[in-house]
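# Examining the three-dimensional arrangement
Letter by letter, the chains look like this.
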Amino acid sequence: MTANENRAEFGSTLGFILSAAGSAVGLGNIWKFPGKAYACGGGAFLIVYLIMVALIGTSVMMAEFTIGRKTHKGAVGALKELNSKFAWIGGLGVLTGFIIICYYCQVGGWAMYYVVSYITDVQTVWADPMAYFLGMLGSNGLPVAALVWALVFLFLTAFIISHGTAGIEKMSTILMPVLFLLLIGLMIRSCTLPGADEGLKYMLHVDWSTINGTAILTALGQAFFSLSLGMGVMITYASYLSKDDNLVSNTGIICVLDTLVALFAGFMIIPAVFATGIAPGMGGAFGFATLAGVFMAIPGGQFIGMLFYFLLFFAAITSSTSILEGCTAYLVEEKGFERKKALVGLSIVIAIIGTLYTLSQVYMNIKGIWISRSGLEFPIFGDFLEYLTDRLLLPLGAFFTTFFVGWIWGPDKSITEATSDGKYKFALAKPYAFLVKYVDPIAIGAIIVAGMVFGMNIS
Ligand code: TRP
């Protein structure tokens, strides 16, 4: 380590992979991805998504990793050190993270609510899964319990950050593999439900007519969201690495793991959508309402359901801590706030904006406070926050990051860092240089514009 002698490093490569994969694998994979794959037409969307991850996602991740390890600093500090004119790219990431965390904690709270529901009230959940889900969000009155659980989730996130993440990293060595295996098991069960083959067909049938500018932008934004890219989180994680760590293989492992989890979730949920007929307008309901059909069809489904929501909660909290940490580190390192005060202040604002997110799903929507685009199904405020981050801010963050590496810092320096000054092999170094310099900025820029201009009609 050269820059700061007293900065901590990860104890082992495994520790780093677990934290970076813990940040990547979260609600994005299980709650968001299946809904988008469904809304954007199944098979064709899967192909577009995989291309986005393989070409753009991996190269943006490598760009972020090399910036972080080169400087051993968090996002804003790292860019400042490499070229002080570009520190604002890190600042943009902090703003993006702040918006994401507002709604992320709400959905994390819903997962906790479902852990409790499966323990105490599973018959009511199963009697009418969709009604139960909408009830949680306020179709019968103010959604107090959901809001309280979201506060608990936010509190836990802030608590973990203020006490250090070593504990949950240890837990993830056990729980992440359990989640992985459980998803595989549930996927198999879901695909063998009566009627599920229609869903499998939907996911495997490639119909290019479903792909338009919006679908491509959705796939791109989803790839960034799922891989935790575009807001400097991976810069910060890599800043704790030493030259002994192989960035090339780590990038590959994290991208593959994260994408596998998303695919498992997709093939777990979409077949269940067709088998159970629970296909609500809101993609967000898939992970909650639709899955009930799978748990009902399994012996011990109550326990498995509870375990699933617990692991979903755990996956969510290893992601939410990575997001909130970015915002907190910025206030502490760049603005001189005291850490506890920064956390408390942030948490209060996050709680207020987040509460509006949950309220806008059903409660305020039904009361007509948010004008919706089509009927009452689409809560404008909630959609707005997600569009803002996934379709605009994350792609913009990635655009500027690759522009910075490709044209300001230079792909050569990035590659030297990626190989630890030639110690490790980077067979795809040339394609990487081409990607960060030309393909990424041009493609990301074009997709942002095309997605905005052509059709905003599917979510
Ligand atoms: N990747 C996480 C998920 O899929 C969410 C997340 C964590 C994230 N850190 C991030 C998204 C940084 C964008 C940027 O749930």
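Residues numbered from 1 in each chain as written. Predicted model: local features only at pLDDT ≥ 70, side-chain atom pairs only at ≥ 80, totals over all residues. Heavy atoms only, no water.

## What about the overall build of the protein chain?
So the rule is basically this: Put simply, DSSP H or I for four residues or longer makes a helix, DSSP E for two residues or longer makes a strand, and each gets a number counted from the N terminus. What the globule rule says is 2.2 Å times the number of residues to the power 0.38, and the radius of gyration is computed from C-alpha atoms. Three labels apply to residues, based on accessible area from a 1.4 Å probe with only protein chains included: buried if under 20% of the type maximum, exposed if over 50%, partly exposed otherwise in between. Contact between two residues is taken to exist if any of their heavy atoms lie within 4.5 Å; hydrogens are not considered. Surface accessibility in these figures is a Shrake-Rupley result with a 1.4 Å probe; residues are shielded only by whichever protein chains are displayed. Residues counted as positive are Lys and Arg, residues counted as negative are Asp and Glu, and His and the chain ends are not counted. In plain terms, the charge of a residue is placed at NZ if it is Lys, CZ if Arg, CG if Asp and CD if Glu.
Assigned secondary structure in the protein chain consists of 21 helices and 0 strands. By the compact-globule yardstick of 23 Å for 459 residues, the protein chain fits well, its C-alpha radius of gyration being 21 Å. The C-alpha extent of the protein chain, read off along each of the three principal axes, is 60 × 50 × 40 Å. When each of the 459 residues of the protein chain is scored for burial, the buried share is 58%. In the protein chain, once contacts between residues fewer than 6 apart in sequence are set aside, the share between residues at least 24 apart is 82%. Just so you have it, the protein chain exposes about 17,300 Å², and 70% of that area is on carbon and sulfur atoms. Looking at the protein chain, you have 24 positive and 25 negative side-chain charges, and the mean spots of the two groups are 6 Å apart.

## Thoughts on the site of the ligand
The line we're drawing: Here a residue is near a molecule or strand as soon as one of its heavy atoms is found within 4 Å of it. Whenever two N or O atoms come within 3.5 Å, that pair is a polar contact, provided that in protein one can donate a hydrogen and the other can accept it, and provided that, for residues adjacent in sequence, both atoms are side-chain atoms. Asp, Glu, Lys and Arg are counted as charged, while Ala, Val, Leu, Ile, Met, Phe, Trp, Tyr, Cys and Pro are counted as nonpolar; the rest, among them Gly, fall into the polar class.
Close to the ligand lie 18 residues, the nearest being Ala-24, Gly-28, Tyr-104, Phe-225 and Ser-228. Ser-23 has a polar backbone atom sitting 3.2 Å from a nitrogen atom of the ligand. Between a nitrogen atom of the ligand and a main-chain N or O atom of Phe-225, the distance comes to 2.7 Å. Protein coverage of the free-state accessible area of the ligand, which is 360 Å², stands at 100%. Elements represented by at least two residues in the shell around the ligand include exactly α1 (13–24), α2 (27–39), α5 (87–120), α11 (213–227) and α16 (301–333). Across the shell around the ligand, the residue classes tally to 10 nonpolar, 8 polar and no charged.

## Regarding helix α3 (residues 43–71)
Threshold: Any helix carries an expected span of 1.5 Å times its number of residues minus one. Working definition for bend: take the seven residues up to and ending at a residue and the seven starting at it, fit an axis to each, and measure the angle between the axes.
In this model, α3 (29 residues) spans 41 Å end to end at C-alpha, consistent with the 42 Å of a helix rising 1.5 Å per residue. At Val-53, α3 is bent by approximately 35°, the largest bend along its length. The buried count for α3 comes to 22 of 29 residues, which makes it a mostly enclosed element.

## Topic: the nonpolar core
Selection criterion: Residues belong to a common nonpolar core when they are buried Ala, Val, Leu, Ile, Met, Phe, Trp, Tyr or Cys residues joined through side-chain atoms within 4.5 Å.
Grouped together as the largest cluster of nonpolar side chains are 152 residues, with contacts concentrated most on Trp-110, Tyr-114, Phe-133, Phe-308 and Tyr-309. If you tally residues by element for this core, the top one is α5, at 18 residues. If we ignore the near neighbours within four places in the chain, the residues touching Trp-110 are Trp-31, Phe-133, Met-136, Leu-137, Ala-146, Phe-288, Tyr-357, Thr-358 and Gln-361.

## Notes on the confidence of the model for the protein chain
Formally: Summary of the metric used: pLDDT quantifies the predictor's per-residue confidence within the range 0 to 100.
Looking at the protein chain as a whole, the pLDDT averages 89, with 92% of positions reaching at least 70. For the protein chain, per-element mean pLDDT is lowest for helix α18 (residues 363–366), which scores 70, and highest for helix α20 (residues 411–418), which scores 98. Segment residues 1–6: pLDDT under 50, and 7 contacts once partners within four positions in sequence are set aside and those in other chains are kept. Every residue in residues 455–459 scores below 50 in pLDDT, and together they form 20 contacts with partners more than four places removed in sequence or on other chains.

## Focus on α5
Over its 34 residues, α5 runs 50 Å from end to end, which matches the ideal 50 Å to within 8%, given 1.5 Å per residue. Residue Ile-101 marks the point of greatest curvature in α5, where the axis turns by about 25°. Judged by how many residues are buried, α5 sits mostly within the fold: 28 of 34 residues are covered.

## Side note on the environment of Ala-37
Here Ala-37 is to be found in helix α2. Judged by relative accessible area, which is 0%, Ala-37 ranks as buried. For the pair Ala-37 and Thr-218, spaced 181 residues apart in sequence, the C-alpha separation works out to 9.4 Å.

## With respect to a nonpolar patch on the surface
Put simply, the rule reads: Each patch groups residues whose relative accessible area exceeds 30% and which form no salt bridge, using 9 Å between like charges and 5 Å between nonpolar side chains of Val, Leu, Ile, Met, Phe, Trp and Tyr. What makes a salt bridge here is a side-chain nitrogen of Lys or Arg within 4 Å of a carboxyl oxygen of Asp or Glu, nothing more.
Together, Phe-403, Trp-407, Ile-408, Phe-434, Tyr-438 and Ile-442 give the surface a local cluster of nonpolar side chains, amounting to about 590 Å² of exposed area. Assignment of secondary structure puts Tyr-438 in helix α21 (residues 429–453).

## Details of the packing of aromatic side chains
For the record, the criterion: In this analysis, rings of Phe, Tyr and Trp, with Trp reduced to its six-membered ring, are considered paired at centre separations within 6.5 Å, and the interplanar angle assigns stacked below 30 degrees, edge-to-face beyond 60, and tilted for intermediate values.
Using the criterion set out here, one finds 39 aromatic pairs in the structure. When the ring of Tyr-38 is compared with that of Phe-286, the centres are 5.2 Å apart and the planes differ by 85°; the resulting orientation is edge-to-face. Residue Tyr-38 is found in helix α2, and its partner Phe-286 is found in helix α14 (residues 286–290); the two are separated by 248 residues along the sequence. The exposure class of Phe-286 is buried, given its relative accessible area of 0%. Considering the side-chain rings of Trp-110 and Tyr-357, the 6.3 Å spacing of their centres and the 20° angle between planes classify their relative orientation as stacked.

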